[in-house]
Amino acid sequence: MEGSMTEENKKNLQFIEEVTINVDVVQKRVLDEILTRNANVEYLQRLNLKGHTDRETFKKVVPVITYEDIQSDINRIANGDRSPILCSQPVSEFFTSSGTSGGERKLIPTTEEENGRRHQLYGLMMSVVSQFFPDLGNGKGMYFMFIKSEAKTPGGLLARPILTSVYKSSHFKNSNSRVSPYTSPIEAILCLDSYQSMYSQMLCGLCQNREVVRVGSIFASAFIRAMRFLEDHWSLLCNDIRTGTINNKITDPSVREAVMKILKPDSELADFIEAECSKDSWQGIITRLWPNTKYMDLIVTGAMSQYIPMLDYYSNSLPLVSIAYGSSECSFGINLNPLCKPTEVSYTLIPTMGYFEFLPIHRSNEFIDSIPISTPLNEKDGQQLVDLVDVKIGQEYELVVTTYSGLYRYRVGDVLRVAGYKNNAPQFNFVCRENVILSIDSDKTNEIELQNAVKNAANNLMSFDACVIDYTSYADTATIPGHYVLFWELNVNASSPIPPSVLEDCCLTIEESLNSVYRQGRTSDKSIGPLEIRIVETGTFDKLMDYCCTSLLGASINQYKTPRCVKFAPHVELLNSRVVSSYFSPVCPKWVPGSKQWNSTN
């Protein structure tokens, strides 16, 4: 087994070497393959591509698009139209992207063939990591993995997040049914009850603590939640390990049965865990409880970078490995230097995954001067796009992708910066999601959505002759789970004081106005805490402007606009120093699986 793995690793590393040397040749071939096989699809015929597969004609005829441009085509597929609209291969399911469209998840079409590309990228990824950690096959990974609810479109296709699809796939189940590379049994991963799933996965991870050589989750936020869960429940977990029985809150029969195959009475282990968890400090708890852990496998780029200090605290600064970059639309690339600092992570796009183009972005005074994702590109803008081999070091770009599964010149919404090269292949730092200002877990809230939510909430103040003068926000990750905080400066009528319950209702109105990914995180997954409004003293936003315009990083007063999200610590400190009262959403917002449209018609 070890020999075959070594041989597979050699092949994978050789593959990476070859495709990064012949980047442009591979990209031309990928575009030719996509356009040849999809030549007769309705979308390309509408554009009069007429079977052309060359790059020049493609760029001249095919427009750069956003989700809204093809939403009507996607809705036809969702409603049961099986004709080749976007792709010659049948759509096997939809991935529900965490980006939103009109408050609903986007439906990204995928095909069975795409599973192969995702598995290939995973193989490449593990081969790269194995260069740095050669004995991973001798131990297990303690990964906290969770599924989310799925729905069926009116046409009968599954619509679910990509990770739910991966964990429910036969490939993943089969790999776990033999010798599982993970401590978590598949039954615990597939349990929709977030408490039972987390408890069972943590219990199994503790039972196998000496076998664990790597720990992680997809997002850093989920792993932090797991550590906080351990802080709150270690005494119950120790009792289960001491007695060899499972807490009666775990009611799912399949989960109980799976855990009992792993759980055995072990008073020595229970005493050890109890002694470690009883100590005053939780610094280094990961290396204390799982002493053979070599690294943490987590996404810590973009919005997840806010969790790095807490991860370092819990792990005694174990290596933080952000190895893969992908989205619902396409698998993109891998980090070829997994031991780099989290702030220096760069991804090499694997040119066989799709056809990649890049829209240049320009900054001025820390504001991105780009074409917003919601704005259509005109012909001139479309001509600005450059190919993978033509990007420039230090320049920022928005990623545009053409996929085998039917997306053509599609704006993904990710902003990337060129950091260097692997052979002839550029390597990219992930900068941010275009227009996204708030994110705790897999939620993504943009400025327009937040603005509309605040406007809806402010209606609650009208009967008290009050209004919101100005506002900003930030993602508070000091609490677990993290939560959205809004700073409001109000104009109030002294003779009509606002009852606290009304401001709590404002919190809930904002949450009800946010997208379904946020509401699921609040309601079902419990990955986001209640939204908080902090009322600040009159004049606070003038103080913020003064600070921004007089500090070294400041903009001129002429250009200054109140930032709708603050991340710079001195800005947050200034706002917090002027808080006069604070209010939280009293209940969870409404959320149901699936689409509003489907739920209203079913």
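This text gives an overview of the structure that appears in the document. Keep in mind that what you see is a predicted model, and the values were worked out from it rather than measured. (Residues numbered from 1 in each chain as written. Predicted model: local features only at pLDDT ≥ 70, side-chain atom pairs only at ≥ 80, totals over all residues. Heavy atoms only, no water.)

Topic: the overall build of the chain
Helix and strand content of the chain: 22 helices and 23 strands. Counting only carbon and sulfur atoms, one obtains 51% of the accessible surface of the chain, whose full area is about 25500 Å². (Helix = DSSP H or I, 4+ residues; strand = E, 2+ residues; numbered from the N terminus. Areas by Shrake-Rupley, 256 points an atom, 1.4 Å probe, with all protein chains shown as cover.)

A short note on unusual backbone geometry
The linkage connecting Ile-480 with the following residue, Pro-481, adopts the cis geometry, with an omega of -5 degrees. Along the chain, Pro-481 turns up in the loop between strand E20 (467-476) and strand E21 (483-491). The backbone phi angle of Asn-316 is positive, close to 55 degrees, even though this residue is not glycine. Residue position: Asn-316 is located in the loop between helix H15 (308-315) and strand E8 (320-321). Asn-316 sits in the partly exposed class, given a relative accessible area of 46%. Of note, Asn-423 is a non-glycine position whose phi angle comes to about 55 degrees, a positive value. Looking at where Asn-423 falls in the secondary structure, it is placed in the loop between strand E16 (410-422) and strand E17 (425-433). Relative accessible area serves as the criterion here: at 34%, Asn-423 is assigned to the partly exposed category. (Buried < 20%, exposed > 50% of the residue type's maximum accessible area, 1.4 Å probe, protein only.)

Thoughts on the sheet that holds strand E7 (residues 295-299)
Taking strand neighbours across the sheet as the criterion, the four strands line up as E3-E6-E7-E8 in an open arrangement whose pairing is parallel. Of all the strands in the sheet, just strand E3 (140-143) and E8 have a single pairing partner and so form its edges. (Pairing = 2+ DSSP bridges.)

Things to note about helix H2 (residues 23-37)
Counted at 1.5 Å a residue, the expected span for H2 with its 15 residues is 21 Å, and the 21 Å between its end C-alpha atoms agrees. Among all positions of H2, only Val-23, Val-26, Gln-27, Val-30, Leu-31, Ile-34 and Leu-35 are buried. Buried positions in H2, seen along its axis, are confined to an arc of 160 degrees and lie on one side of it. (Expected span 1.5 Å × (residues − 1). Arc of directions from axis to C-beta.)

Remarks on the environment of Leu-574
When you line up the elements, Leu-574 lands in helix H21 (residues 569-576). Overall, the relative accessible area of 17% leaves Leu-574 in the buried class. It is 7.3 Å that separates the C-alpha atoms of Leu-574 and Leu-544, two residues lying 30 residues apart in sequence. The residues touching Leu-574, leaving out its near neighbours within four places in the chain, are Thr-540, Lys-543, Leu-544 and Tyr-547. (Contact = heavy atoms within 4.5 Å.)

Some words on H21
Among all positions of H21, only His-571, Val-572, Leu-574 and Leu-575 are buried. The arc that holds the buried residues of H21, viewed along the axis, is 160 degrees, so those residues lie on one side.

Overview of the side chain of Asn-247
As for its position among the elements, Asn-247 is in the loop between helix H11 (220-243) and helix H12 (253-260). The class of Asn-247 is buried, set by a relative accessible area of 13%. Aside from chain neighbours lying at most four places away, what touches Asn-247 is Tyr-199, Leu-236, Asp-240 and Arg-256.

Focus on the packing of aromatic side chains
Tallied over the full model, the rule gives 17 aromatic pairs. Both rings, one in Tyr-313 and one in Tyr-314, keep their centres 5.7 Å apart while their planes meet at 65 degrees; by these two values the pair is edge-to-face. A residue is classified by how much of its surface remains accessible, and Tyr-313, at 35% relative accessible area, is partly exposed. Through pairs of rings, three or more aromatic residues link up here, namely Tyr-325, Phe-332, Tyr-347, Phe-356 and Phe-430. (Phe/Tyr/Trp six-rings, centres within 6.5 Å; stacked < 30°, edge-to-face > 60°.)

Focus on the packing of H11 against H15
Taken N-terminus to C-terminus, the directions of H11 and H15 make an angle of 45 degrees; their axes are 10 Å apart at the nearest point. Comparing the axis directions of H11 and H15 gives the class oblique. The two elements H11 and H15 meet at a crossing, and its hand is left-handed. Across the interface between the two elements, Ala-220, Phe-223, Ile-224, Met-227, Arg-228 and Glu-231 of H11 pack against Met-310, Leu-311 and Tyr-314 of H15. (Axes fitted to C-alpha atoms, helices over the stretch in contact; angles between N-to-C directions. Parallel < 35°, antiparallel > 145°, perpendicular 65-115°, else oblique. Left-handed = near helix turned anticlockwise from the far one by under 90°.)

Function cannot be read off these values alone, since they describe shape.
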